[in-house]
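Residue-level listing of the chains:
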Amino acid sequence: MIRWKFTFDKDEEQDWLNDWARHGWAMTSFWLGVVTFVPCRPGEYIYQIDLLPGKGLWADDYEGYVIFMDEMGVQVLQRWGRWVYLRKRAEDGPFEVYTDSESRLTLYRRIRRMFLWAFLVVLLCSASGWNMLLQFPEDVLARGLAGFYIVFLTVILRAIWQCSRRIRDLERQNP
């Protein structure tokens, strides 16, 4: 079965995958929002999503990460840039990659930093679109492109805001 789910919220996506697993569907792959599922025993897997440390799209020591996860009984199911989709059999016990507040803070700061960079890149790339809109305000293509940029930048800003909120909540829990 194939489903579409493209979100900029790690927790929402992770909950969504775990909900599908509880209903007997195991994720096998992800690409640009297209998620493939196969039947499994209901509740057979627990999913986690991680953003690996690194720069740009490149993760630091991905091979070492895979080996470490394998030793922990965790399957690195899919990699998409620095995002990794992980799963573990539920019968092997609870599964959380980040178990303490400090490591969760580090993760959300890393995610927020990635979205801040993405926002800046999209903003810079949109400069030609804004210029085209200023030169040809009645052009349908210029208006459509400007609309696309506004929506995309808004989605990224929302992701930054969500990460900032989670960071603030974690900092309040553990001053």
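Residues numbered from 1 in each chain as written. Predicted model: local features only at pLDDT ≥ 70, side-chain atom pairs only at ≥ 80, totals over all residues. Heavy atoms only, no water.

A word on the packing of aromatic side chains
Put simply, the rule is: Aromatic contacts are taken between Phe, Tyr and Trp rings whose centres are within 6.5 Å, Trp giving its six-membered ring; a plane angle under 30 degrees counts as stacked, one over 60 as edge-to-face, and the others as tilted. Segments assigned H or I by DSSP are reported as helices when at least four residues long, segments assigned E as strands when at least two residues long, and all are numbered from the N terminus. A 1.4 Å probe rolled over the protein chains alone gives each residue an accessible area, and that area as a share of the maximum for its type sets the label: buried under 20%, exposed over 50%, partly exposed in between. We call a charge positioned over a ring when the NZ of a Lys or the CZ of an Arg lies within 6 Å of the ring centre and within 35 degrees of the ring normal.
Overall, the coordinates contain ten aromatic pairs when judged by the stated rule. Centroid distance W16 to W20: 6.1 Å. Interplanar angle 75°. Geometry classified as edge-to-face. With a gap of four residues between them, W16 and W20 both fall in helix 1 (residues 10–22), about one helical turn apart. There is no split in this pair, since W16 and W20 are both buried. Among the aromatic residues, those joined into a ring-pair cluster are F8, F115, F148, Y149 and F152. Directly above the aromatic system of Y62 lies the positively charged group of R79, at a separation of 4.0 Å from the ring centroid. A cation sits over an aromatic face here: R87 above Y45, 4.1 Å from the ring centre.

Points about the pattern of salt bridges
Applicable threshold: By salt bridge we mean one thing: a side-chain nitrogen of Lys or Arg within 4 Å of a carboxyl oxygen of Asp or Glu.
The full count for this structure, using the stated rule, is ten salt bridges. In this structure, the salt-bridge partner of R41 is E91, at a minimum N-O distance of 3.7 Å. Placement of R41 in the loop between strand 3 (34–39) and strand 4 (45–51) and of E91 in the loop between strand 8 (83–89) and helix 3 (101–125) is noted, with a sequence separation of 50 residues between them. Owing to a relative accessible area of 47%, R41 belongs among the partly exposed residues under this scheme. For D50, the salt bridge is made with R110, and the minimal N-O distance between the two is 3.9 Å. Here D50 is found in strand 4, whereas its partner R110 is found in helix 3, with 60 residues between them in sequence. Comparing D50 with R110, the two get one shared label, buried. Through salt bridges with shared partners, a single ionic network connects D9, K10, D11 and R166.

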